[in-house]
Amino acid sequence: MRRVAIVGAGQTPYGEFPTLGVKELFAWAFKDMLHSVDKGIDPREIQLAYIGSLSAGSGFQLGQLAALLMGHVGLPHVPAIRVENACASGGFALYSAICAVASGKCDIALAGGIEKMRDVSSTKTKYWLGISGDTEFERLAGLTFAGIYALVASRYMHEFGLTREQLAKVAVKNHRHGAMNPKAQFRREITLEMAVAGAPVAYPLNIWDCCPTTDGAAVVLLCSEERAREFTDHPVYIIGYGAGTDYLAVQDRDCITSFKAARMAAQEAYKQAGVKPEDIDFAEVHDCFTIAEVVAYYDLGFCEKGEAGRLLDEEATSLGGRIPVNVSGGLKSKGHPIGATGCGQAYEVFNQLRGQAKNPERQIKNAEIGLSHNVGGSGGTATVFIYRREG
Amino acid sequence: MGAHISIPMYQRAVKQRYRLVGLKCLKCGKINFPPKAGCKYCGNFDQFEEAQLSGKGKVYSYTIIAGAGAPPEFSEEAAYRRFYPVVLVELDEGPRIVAQLVDVEKDQVEIGMPVELVIRRIYTEEDVIRYGYKFRPKKD
């Protein structure tokens, strides 16, 4: 397999854009990506595109979304594939595009993701967002994903003594980080008191434990090692990439306080990259709910099983800590446009590794190796990527 | 606008929803619930027999759904009850299943509490009341 580099990445700001539809959002991220290619690129060089999306605006465009979007940016003849794995759609689009370049099938591929979530009613949103689990059984118990993650949280608290305050620390940290990110949806800090006392959603989770619904798109340009220098002297290599899946329903899993799909993806990525968790300088992880970030710490090897609360107490995962997690603000504060999230994480890692985090106060100093972790549903699917800056 | 579970789709799972019938793998002896084409425990594909589960078990984890956490088809229920507990139950025979917990105050729900199955109204779709399993605290 050939080595694969990221030579460009773009992202819309995440938030609410009443005047923009899926085509306009995608074009915005695409343009942002083109501008990021140091030596420029003729977009017609792109040979293949994978675009992740769950619903493309709650289902108004059910089929052939990827070709529709590529046509809108003037590339109707680039073979385009829509990828759907719920909240990990973007990660699986990236995974697929990397595999296409690594295999030699093409030299230059696009991975993207998009979701338009804000211009539908909250009822319709809850409908769409709750049917990516094992619908026949989980949904009919009266659960949405908040409820499913709440089951994970209750069990985690029971087994490992995680406290309500420790959960809230994830939200407080990620809002603090997001406040510094010009592309984040909620650029607002919250206090621990607020985060503990939010309106209940699904005990033990309250509104501050949940990520928002978001409009947004992200695009990553991948290139074979042979051609990377045509486009930049500062490529970021994806040195490890892994994917995992599991039963969708938590009732079908032996263990619910760790996601096997994410552990599998991480093990594969670490093995391929030849690095260990302690070599990772920073990570973007899938914090759709605060408990999801807690679970991720162990799944990615950042702590021993059940030790995540201690990591939060020590502020080890805050900017300036031992292993900063979600300096972008994460899904919690940066926002979670479902299909875009996996590629938006890659956008953040690409910029951090190249010293281009825009706002100097949020730039991680001298980072060499980054990681991103994208989870579908409540752990039914997952991807993990490890990136290294070279040159 | 709720998740769409058509009447035929619901009907196909009546054995599970009304009677908690699982599939016992004749190779490893374990019970799969809900039934699977491939045994979760050993991968066996074709030697199963139906097995009746007792409906008795213990709460493995739980949540209390408040209004904002309820799917649209359960929002009416969440509105008039203000909350409803959902439990992940480990049945005595091994499988875990997720369902609502009824006949209980929210501060009484805890991990480890013994529960038993009851058949109750789940919700209404296509003007048809859908019944199915829920749990209640075990009565001595």
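Residues numbered from 1 in each chain as written. Chains lettered and ligands numbered in written order. Predicted model: local features only at pLDDT ≥ 70, side-chain atom pairs only at ≥ 80, totals over all residues. Heavy atoms only, no water.

- Chain B is annotated in an unreviewed UniProt entry as DUF35 domain-containing protein from Desulfofundulus thermosubterraneus DSM 16057.

- Within an unreviewed UniProt entry, the label attached to chain A reads Acetyl-CoA acyltransferase, and the organism entered is Desulfofundulus thermosubterraneus DSM 16057.

1. Quick word on the overall build of chain B
- When you go through chain B residue by residue, the secondary structure sums to 3 helices and 8 strands.
- Counting from the amino terminus, helix and strand elements in chain B follow one another as α-α-β-β-β-β-α-β-β-β-β.
- Relative to its length of 140 residues, chain B is compact, with a C-alpha radius of gyration of 16 Å against a globular reference of 14 Å.
- Counting only C-alpha atoms, chain B reaches 45 × 35 × 25 Å along its principal axes. (Helix = DSSP H or I, 4+ residues; strand = E, 2+ residues; numbered from the N terminus. Rg over C-alpha atoms; globule rule 2.2 N^0.38 Å.)

2. Structural notes on unusual backbone geometry
- In this structure, the amide linkage connecting Tyr203(A) to the following residue, Pro204(A), adopts the cis form with an omega of 5°.
- Within the secondary structure, Pro204(A) sits in the loop between β5 (200-203) and β6 (205-206).
- At Leu20(B), a position not held by glycine, the phi torsion is positive, near 55°.
- Residue classification places Leu20(B) among the buried positions, given a relative accessible area of 2%.
- With phi around 50°, Glu126(B) is a residue other than glycine that occupies positive phi space.
- Mapped onto the secondary structure, Glu126(B) falls in the loop between β7 (114-125) and β8 (128-137). (Buried < 20%, exposed > 50% of the residue type's maximum accessible area, 1.4 Å probe, protein only.)

3. A few points about the nonpolar core
Residues and elements named next belong to chain A.
- In terms of nonpolar packing, the biggest core is built from 106 residues, with Phe26, Leu110, Ile291, Phe302 and Ile386 touching the most fellow members.
- Tallying contributions element by element places helix α6 (residues 145-160) first for this core, with 10 residues.
- In this structure, Ile386 is in contact with Tyr237, Ile238, Ile239, Gly240, Ala269, Tyr270, Ala273, Val275, Ile280, Ile369, Gly370 and Leu371, ignoring residues within four places of it in sequence.
- Counting residues in hydrophobic clusters, the runner-up holds 40 residues, among them Val101, Cys343, Phe350 and Tyr387. (Core = buried A, V, L, I, M, F, W, Y, C linked by side-chain atoms within 4.5 Å. Contact = heavy atoms within 4.5 Å.)

4. Things to note about the packing of helix α7 (residues 164-178) of chain A against helix α11 (residues 290-299) of chain A
All names here are of chain A.
- Relative orientation of the contacting elements α7 and α11 amounts to 100°, with a least axis distance of 8 Å. Here α7 is positioned roughly perpendicular relative to α11, judged by the angle of their axes. The segment α7 lies against α11, with Leu167, Val170, Ala171, Lys173 and Asn174 engaging Thr290, Ile291, Glu293, Val294 and Tyr297.
- Of the residues belonging to the contact of α7 with α11, the class tally is 6 nonpolar, 2 polar and 2 charged. (Axes fitted to C-alpha atoms, helices over the stretch in contact; angles between N-to-C directions. Parallel < 35°, antiparallel > 145°, perpendicular 65-115°, else oblique. Nonpolar A, V, L, I, M, F, W, Y, C, P; charged D, E, K, R; others polar.)

5. Some thoughts on the sheet that holds strand β2 (residues 31-32) of chain B
All names here are of chain B.
- If you trace the 3 strands from one edge of the open sheet to the other, you get β2-β1-β3, paired in antiparallel fashion. Each edge of the open sheet is held by one strand with a lone partner, namely β2 and β3 (48-52).
- Taken together, the 5 bridges between strand β1 (residues 21-25) and β3 define a ladder with antiparallel strand orientation. Residue pairing for β3: Val21 is matched across the bridge by Gln52. (Pairing = 2+ DSSP bridges.)

6. Let's talk about the pairing of β7(B)
Residues and elements named next belong to chain B.
- The pairing of strand β4 (residues 56-66) with β7 spans 3 bridges and is classified as antiparallel. Considered in β7, the bridge of Lys58 is made with Pro114.
- Where β7 lies against β8, 10 bridges are found, and the strand directions are antiparallel. The residue bridging Thr124 from the neighbouring strand is Ile129, located in β8.
- Turn length for the β7-β8 hairpin, with the two strands adjacent in sequence and antiparallel, is 2 residues, and the turn residue Glu126 shows positive phi of about 50°.

7. Concerning the pattern of salt bridges
- Tallied over the full model, the rule gives 33 salt bridges over all chains.
- Glu136(A) is paired through a salt bridge with Arg17(B); the nearest N and O atoms lie 3.6 Å apart. Placement of Glu136(A) in helix α5 (residues 135-138) and of Arg17(B) in helix α2 (residues 14-19) is noted, with the two residues assigned to different chains.
- With a relative accessible area of 4%, Arg17(B) lands in the buried category.
- Between Arg362(A) and Glu348(A) there is a salt bridge; the shortest N-O distance is 2.9 Å. (Salt bridge = Lys/Arg side-chain N within 4 Å of Asp/Glu carboxyl O.)

8. Some words on the interface of chain A and chain B
- Contact residues are listed per partner, giving 33 residues for chain A and 40 residues for chain B.
- Taken together, chain A and chain B are joined by 4 salt bridges.
- Note that Glu73(B) and Arg139(A) form a salt bridge whose closest N and O atoms lie 2.5 Å from each other.
- At the boundary of chain A and chain B, one finds 16 residue pairs in polar contact (both at pLDDT 80 or more).
- Elements with a contribution of two residues or more to the side of chain A that touches chain B: α4 (122-129), α5, α6 and β5 of chain A.
- A total of 7 residues in the side of chain A that touches chain B trace back to one element, the largest contributor, which is α6(A).
- Class assignment of the residues belonging to the side of chain A that touches chain B gives a composition of 15 nonpolar, 8 polar and 10 charged.
- The pairing of β5(A) with β4(B) spans 2 bridges and is classified as antiparallel. Paired with Tyr203(A) across the two strands is Ile64(B), which belongs to β4(B). (Polar contact = N/O pair within 3.5 Å; in protein donor to acceptor, adjacent residues only side chain to side chain.)

9. Focus on the UniProt feature "domain: Thiolase C-terminal" (unreviewed entry) in chain A
- Feature annotation in UniProt places "domain: Thiolase C-terminal" (unreviewed entry) on residues 242-388 of chain A, given in this structure's numbering.
- Taken as a whole, residues 242-388 of chain A contains 32% helix and 16% strand, while its terminal C-alpha atoms sit 15 Å from one another. (UniProt positions renumbered as here; feature names shortened; annotations may be inferred.)

10. Considering the packing of aromatic side chains
- Under the defined criterion, the tally for this structure stands at 14 aromatic pairs over all chains.
- When the centroid spacing of 5.0 Å and the interplanar angle of 35° are considered together, the rings of Tyr149(A) and Phe289(A) count as tilted. With Tyr149(A) in helix α6 and Phe289(A) in the loop between β9 (282-284) and α11, this residue pair connects regions lying 140 residues apart in the sequence.
- Since its relative accessible area comes to 1%, Tyr149(A) is described here as buried.
- According to the relative accessible area criterion, Phe289(A) is buried, its value standing at 9%.
- Among the aromatic residues, those joined into a ring-pair cluster are Phe92(A), Tyr95(A) and Tyr241(A).
- Here Lys40(B) stacks its cationic end above the ring of Tyr247(A), 5.9 Å away from the centre of that ring.
- Over the face of the ring belonging to Phe83(B) we find Lys106(B), whose NZ or CZ atom lies 4.9 Å from the ring centre. (Phe/Tyr/Trp six-rings, centres within 6.5 Å; stacked < 30°, edge-to-face > 60°. Lys NZ or Arg CZ within 6 Å of the ring centre and 35° of its normal.)

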